[in-house]
Amino acid sequence: MRRTISLNNFADLLSVSRATVLSWVKKGKYQLHTSAEGKKFFFLDEVDSVPEVSAMLSSRWDEELKVTPLHRFTSVELFAGGGGLALGMESAGFSHVLLNEFDHNACETLRHNRPEWNVVEGDIHEIDFTPYRDLIDFLSGGFPCQAFSYAGKRLGFEETRGTLFFELARAVKEIRPKVFMCENVKGLLEHDGGKTLDTIKNVISELGYTLIEPKVLKALQYDVPQKRERLILIAIRNDFASFAKFQWPDVSKEVRTLRDAFFKGPLYNSDVPESCGQLYPESKKKVMELVPEGGDWRDLPENIAREYLKGSYNLGGGKTGMARRLAMDEPSLTLTCAPAQKQTERCHPHETRPLTVREYARIQTFPDNWEFKGNLTAQYKQIGNAVPVNLAAAIGRSVVRLLNDIYLNSNTFPTKDTEVVMHRTKLHGIFEGMVCEEDGEYRKK
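Parameters at a glance
Residues numbered from 1 in each chain as written. Predicted model: local features only at pLDDT ≥ 70, side-chain atom pairs only at ≥ 80, totals over all residues. Heavy atoms only, no water. 1 Å grid on protein atoms, 1.4 Å probe; cavity = no way out; pocket = protein on both sides within 12 Å on 5 of 7 lines; lining within 4 Å. Points joined across faces, edges and corners; volume = space filled by probe spheres on them. Buried < 20%, exposed > 50% of the residue type's maximum accessible area, 1.4 Å probe, protein only. Helix = DSSP H or I, 4+ residues; strand = E, 2+ residues; numbered from the N terminus. Pairing = 2+ DSSP bridges. Right-handed = clockwise from strand over helix to strand, strands pointing away. Axes fitted to C-alpha atoms, helices over the stretch in contact; angles between N-to-C directions. Parallel < 35°, antiparallel > 145°, perpendicular 65-115°, else oblique. Left-handed = near helix turned anticlockwise from the far one by under 90°. Contact = heavy atoms within 4.5 Å. Nonpolar A, V, L, I, M, F, W, Y, C, P; charged D, E, K, R; others polar.

Caption draft 1: Layout of empty space enclosed by the protein. In total, this model carries 1 cavity of 30 Å³ or more according to the counting rule given. If you add up the space inside the largest cavity, you get close to 40 Å³. Looking at the largest cavity, the residues that line it are Lys227, Gly294, Arg324, Arg325, Leu326, Ala327, Glu330, Pro331 and Leu333.

Right, here's the structure in full:
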């Protein structure tokens, strides 16, 4: 059976507007088809010249799902939040040695769901990472993007002091992991005319790491029903860089939608469970009831739109996040920290209400048994700020594949000679009561 993709999902896959795709169709670039139900779609084999579609058709996604560690790879995560990145990396096979997070509610979430994790709550500035030196394979963190505008011509390590990126860099300098990863918003690429990214690249070089060319990954290409994009930076310590070549993960073979998130299917084995969620005030509910599935403020009567948008009505831009109702057969817009904010509306496709906590979590591909702590606002914030679990897992498998190659080629992983070092540092109990076997693996005595 020929595979298809809807008009809207094709536009989302290419990160362009529906109008842009229709203009291509009008010019004869692609052939658009209409189903018996009136839905517009493309046959994938007729648009396979598009790189994103070609990647789907040639994907080795199923093979990559089988990637497993050849060794007990240890990791440290900074700015851990509610656990999206940590869960994905755990799924890929990493053993978390330390997770640092400042927010109390997020720490409670991590501790509640994974009592065995070493969650260090508090200011990263006060953490000494030197006990972990040369004992950690992978370090990761999504540092908040603060301005680097005061950085001078050198754009190096010393001139990032005061930023949270500097603290991530300090952790790398003190721990010396074999590989580390930074993730951030797509806008970091162009921040301050590119100077911010230049600063980061210079710091990575000064630390003694080889940076893989940064890449923006679209979550909807990695089994995530959401139009979220994240900039990923991965760096290999120079003395290991020659032993392996990093390969970005292959994309999923399908574009997942809200239907996949909310109902039993390829992502979940049951419908989304009931949970708490915000409610609209009656006045707002009356407005949102007028918005059709997939629509926004432009679908409202003009007088109501003017009243609802107020001063924003005459501003430029599409303002497509305002009075926005999601569509069941499309990925969600990027989730924010609150589903009912006027500028970034996330209304349920068929019911006139904001998305619930569990619906939010499923769009971020959290498992249903992952419980969030804190009040409703805190729970939405943890979910909205998270890295989608399935995206994190895909990146994690690629890093595991990289470390597998280093493990096979470098002969520098722990042996019996390092057991004394492990015992001395204790790593907060992670390696206590374990012994290094002949194959270099640590197992319980």
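Caption draft 2: Region of the structure containing the pairing of strand 4 (residues 74-78). Burial analysis of strand 4 places 5 of its 5 residues in the buried class, the great majority of the element. Residues Thr74, Val76 and Leu78 line one face of strand 4 and the alternating positions Ser75 and Glu77 line the opposite face, and both faces are buried. Bridge count between strand 4 and strand 5 (residues 95-101): 4 bridges; the pairing is parallel. In the sheet register, valine 76 faces strand 5, and the bridge partner there is leucine 98. Handedness of the β-α-β unit built from strand 4, helix 5 (residues 84-92) and strand 5 comes out right-handed. Across 4 bridges, the pairing between strand 4 and strand 7 (residues 138-141) is parallel. Note on strand 7: the bridge partner recorded for serine 75 is phenylalanine 138.

Caption draft 3: A look at the packing of helix 5 against helix 14 (residues 389-410). Interaxial distance between helix 5 and helix 14 falls to 7 Å at its minimum, and their mutual angle equals 45°. Between helix 5 and helix 14, the angle falls in the class oblique. By crossing handedness, the relation of helix 5 to helix 14 is classed as right-handed. Between helix 5, through Gly84, Leu85, Leu87, Gly88, Met89, Ser91 and Ala92, and helix 14, the contact on the second element is made entirely by Val389, Ala392, Ala393, Ile395, Gly396, Arg397 and Val400. Of the residues belonging to the contact of helix 5 with helix 14, the class tally is 9 nonpolar, 4 polar and 1 charged.

Caption draft 4: Geometry of the sheet that holds strand 1 (residues 4-6). Spatial ordering of the open sheet is given by 1-3-2, a layout of 3 strands whose pairing is antiparallel. Single-partner strands in this sheet number two, and they are strand 1 and strand 2 (33-34). With 3 bridges joining them, strand 1 and strand 3 (residues 40-43) adopt antiparallel strand pairing. Bridge assignment links isoleucine 5 to a residue of strand 3, and that residue is phenylalanine 42. Together, strand 1 and strand 3 form the strand contacts of helix 1 (residues 7-14), whose direction differs from that of strand 1 by roughly 85°.

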